[in-house]
Amino acid sequence: MASNYYTWYHPYKPSEPYKKKVAYFSMEFGIHQALKIYSGGLGFLAGSHMLSACELKQNVVGIGMLWKYGYYDQSRNKDQTLRPDFIEKHYSFLEDSGHEVEVGIFGNSSVKVRAMVLKPEIFGSVPIYLLTTDVEGNDDLSRSIMNHLYDANELTRICQNIVLGIGGAKLVQALGGADIYHLNEGHALPAFYHLRNQGVGKKNMVFTTHTPERAGNVERDAYALNDSGFFGRKLSEEELMKETGGSNRLSYTVAALRMANRTNAVSKLHAKVSRGMWKGNTGSTKIFPITNAQNQRFWQDETLYKARKANNVKAFQKRKAELKQDLFKTVLDQTGKLFDPEILTIVWARRFAEYKRADLLLRDMERFEKILANEKYPVQIIWAGKPYPKDTGAIGVFDRLVHFTKYRPNTAVLTGYEMALSKRLKMGSDIWLNTPRITREASGTSGMTAAMNGSVNLSINDGWVPEFAENGKNSFVLPEANAKSLVSEQDDFDSRNLYDCLEQKVLPLYYDTPEKWSKIVYRGIDDVLADFTTERMAKQYYEELYK
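Given the structure is predicted, the values throughout are model-derived calculations rather than measurements.

Undergrad: Help me understand the overall build of the protein, please; the structure alone is not making it clear to me.
TA: In terms of regular secondary structure, the protein is built from 20 helices and 19 strands. The C-alpha atoms of the protein give 23 Å as radius of gyration, which agrees with the globular expectation for 547 residues (24 Å, within 12%). Dimensions along the principal axes, computed over C-alpha positions, put the protein at roughly 70 × 50 × 45 Å. Counting across all 547 residues of the protein, residues that qualify as buried make up 60%.

Written as structure tokens, this is what we have:
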């Protein structure tokens, strides 16, 4: 029997303001713990967007990739240090859409791309089509394209771009076509080239840029891209130079900016930074913000929400204590440490990357040890997150924290940082610590879902934070370092202010004036729900990016 999803289909009639057909391309989607096709923030954002698009009855479909081994499974070596494991994944809940398209990659003109579909009734998202080359009829090399999200091999990454971009665009056309083709980051850039080759106009293409980090703004050798089939056809030397502006390298972001009708950044500060970064390139002056957000229904504990809505302080505190206990079961299971729900618990949890500074608290060991040993104002600290499996620097930071925490009873490093653990950490923490070097964090959505669950943000004033934070009222915001100063000077400045904030504000407030602490917690919940849910964001995309 043919699938309903063989053509463009939703199990609901799209709402009037959201009738325009939108195909949303993303390298990763964080929809549910069980569907391991995400690595971190980009996937969490895309997943929340697709959940809210369904709740609002928007005419959107997601286009993504079915990664055979996911990102990786985070395990431990004998000494508890990080070990990435690559385990094959299978999902019985995905349905074959009936579509198989072909793409040309590095001289192989007929690499088969099959589209599986995640139906809305499974996890409550809009339909998401997941592409795979791991199908009968493809050679081993073609099948291996789908092995790893963010494969370390540059040529494999180019192949992945072609599958998502051209394979995805061909699939959307087979479904009946879209009014808007939305690239969530530049990974699916070949879609724009394919569409342009097919006569699809600029007005149908939009782009979201997600990061000021160089690693997130990919540049590739233009000749390798031309040989690979990236542009949908072989370009002449003259055409290739026109695409790259005379360079032998192509910036995905610069190309997407030029080809897109509209481009958004993911916070107000990020829009300003992006306009400066890409100044002089076509489309750069028109980058505007649609601040990232997260899905309330998925991320917020319902009992906590009801207690806050009813202004029932006793019920709220009871539930928060239960959520802390739930988190501490994981701490006990992984580390053998008994944490106490009465003690202020700080969590640093996100992707391990050098600029995010997971180990900033260890900058001045004497001061940090003093905080850890303070019996009047005790503290518990948890770190969690996944470094990129080939990033030796980030893995080194993770392992340093493992060794530091191993024999300290009030500190822990957890593995398995995926959606389920992320929820437990946000629900069970008192403080959500965010320590990027300023201007380097485009948005940083983890703090939003933490705030939804009564965890107070303690943060550098970067990304989404300036739009939300009122220091001492709904969060704690550290003084701003000079982004142009030496990295070591920034780290010294920020660590000093972090110790000061903990010693002089956070800890005394939590223990000495619990009613004032509760006011900050409740204000954080109210303010984050007012402006930072993907219901607002999904509406804004239709009103401002897709118009």
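What follows continues from the structure just given.
Undergrad: Mind showing me how you'd approach the packing of helix α11 (residues 302-309) against helix α12 (residues 313-335) here?
TA: Two measures define how a pair of helices packs: the angle their axes make with one another and the distance between the axes. At a closest axis distance of 8 Å, the pairing of α11 and α12 adopts a crossing angle of 160°. What the angle tells us is that α11 and α12 run roughly antiparallel. For the crossing formed where α11 meets α12, the hand is left-handed. Residues Thr 303, Leu 304, Ala 307 and Arg 308 of α11 touch α12, and the partners they reach there are Ala 315, Phe 316, Arg 319, Lys 320 and Leu 323. Per-class residue counts for the contact of α11 with α12 are five nonpolar, one polar and three charged.

Undergrad: What is the right way to look at the layout of surface pockets in this model?
TA: In this approach a probe as big as a water molecule rolls over the atoms, and the regions it shows empty are the leftover space. The calculated volume of the largest pocket comes to roughly 1300 Å³. In terms of lining residues, the largest pocket is bounded by 49 residues, among which Tyr 150, Thr 211, Gly 216, Arg 351 and Tyr 355 are the most central. Tallying contributions element by element places helix α1 (residues 41-55) first for the lining of the largest pocket, with four residues. Grouping the constituent residues of the lining of the largest pocket by class yields 16 nonpolar, 15 polar and 18 charged.

Undergrad: What exactly am I supposed to notice about the environment of Ser 39 here?
TA: Structurally, Ser 39 is set in the loop between β1 (22-25) and α1. With 33 residues separating them in the primary sequence, Ser 39 and Tyr 72 have C-alpha atoms 8.3 Å apart. Excluding anything up to four places from it in sequence, Ser 39 contacts Glu 28, Tyr 71, Leu 149 and Tyr 150.

Undergrad: Can you help me understand the sheet that holds strand β5 (residues 95-105) in this one?
TA: Picture the strands of a sheet paired through backbone hydrogen bonds; they go either parallel or antiparallel. Across the sheet, nine strands lie side by side as β5-β6-β7-β2-β1-β8-β9-β12-β13; this open sheet has mixed pairing. Since the sheet does not close on itself, it has two edges, and those belong to β5 and β13 (288-289), each with one partner. Looking at chain direction, strand β8 (residues 180-184) and strand β9 (residues 205-208) are connected through four bridges and run parallel. Across the sheet, residue Tyr 181 finds its bridge partner in β9, namely Met 205.

Undergrad: Before we go on, may I ask you to explain the packing of aromatic side chains in this structure?
TA: This structure, assessed with the given rule, holds 29 aromatic pairs. Measuring from centroid to centroid gives 5.0 Å for Tyr 5 and Tyr 9, while their planes differ by 80°, and the two rings are edge-to-face. When its relative accessible area of 3% is taken as the criterion, Tyr 5 is described as buried. The exposure class of Tyr 9 is partly exposed, given its relative accessible area of 29%. Between Phe 476 and Trp 517 the ring centres are 6.1 Å apart and the planes differ by 25°, which places this aromatic pair in the stacked class. Pair noted here: Phe 476 is in strand β19 (residues 475-477) and Trp 517 is in helix α19 (residues 514-531), with a separation of 41 residues, a long-range link. A single burial state applies to Phe 476 and to Trp 517, both of which are buried. Ring pairing ties together the aromatic residues Tyr 377, Phe 476, Tyr 510, Tyr 511 and Trp 517, which thus form one cluster.

Undergrad: Help me out: how do you make sense of the pattern of salt bridges in this one?
TA: A side chain with one charge can pair with a side chain of the opposite charge if their charged atoms come near. If you walk through the whole model with that rule in mind, you get 39 salt bridges. With its nearest N and O atoms 2.9 Å apart, the salt bridge here joins Asp 134 to Arg 143. Glu 213 is the partner of Arg 440 in a salt bridge, and the nearest nitrogen-oxygen pair spans 2.5 Å. You can see Arg 440 sitting in the loop between β17 (431-434) and α16 (446-452) and its partner Glu 213 sitting in the loop between β9 and β10 (219-221), a full 227 residues away along the chain.

Undergrad: I tried to follow helix α18 (residues 487-512) on my own but got confused; where do I start?
TA: Residues that lie three or four places apart on an α-helix share one face, since the helix turns once every 3.6 residues. Over its 26 residues, α18 runs 36 Å from end to end, which matches the ideal 38 Å to within 8%, given 1.5 Å per residue. The largest bend along α18 reaches roughly 40° and is located at Leu 502.

Calculation notes
Residues numbered from 1 in each chain as written. Predicted model: local features only at pLDDT ≥ 70, side-chain atom pairs only at ≥ 80, totals over all residues. Heavy atoms only, no water. Helix = DSSP H or I, 4+ residues; strand = E, 2+ residues; numbered from the N terminus. Rg over C-alpha atoms; globule rule 2.2 N^0.38 Å. Buried < 20%, exposed > 50% of the residue type's maximum accessible area, 1.4 Å probe, protein only. Axes fitted to C-alpha atoms, helices over the stretch in contact; angles between N-to-C directions. Parallel < 35°, antiparallel > 145°, perpendicular 65-115°, else oblique. Left-handed = near helix turned anticlockwise from the far one by under 90°. Contact = heavy atoms within 4.5 Å. Nonpolar A, V, L, I, M, F, W, Y, C, P; charged D, E, K, R; others polar. 1 Å grid on protein atoms, 1.4 Å probe; cavity = no way out; pocket = protein on both sides within 12 Å on 5 of 7 lines; lining within 4 Å. Points joined across faces, edges and corners; volume = space filled by probe spheres on them. Pairing = 2+ DSSP bridges. Phe/Tyr/Trp six-rings, centres within 6.5 Å; stacked < 30°, edge-to-face > 60°. Salt bridge = Lys/Arg side-chain N within 4 Å of Asp/Glu carboxyl O. Expected span 1.5 Å × (residues − 1). Bend = angle between axes of the 7 residues up to and from the residue.

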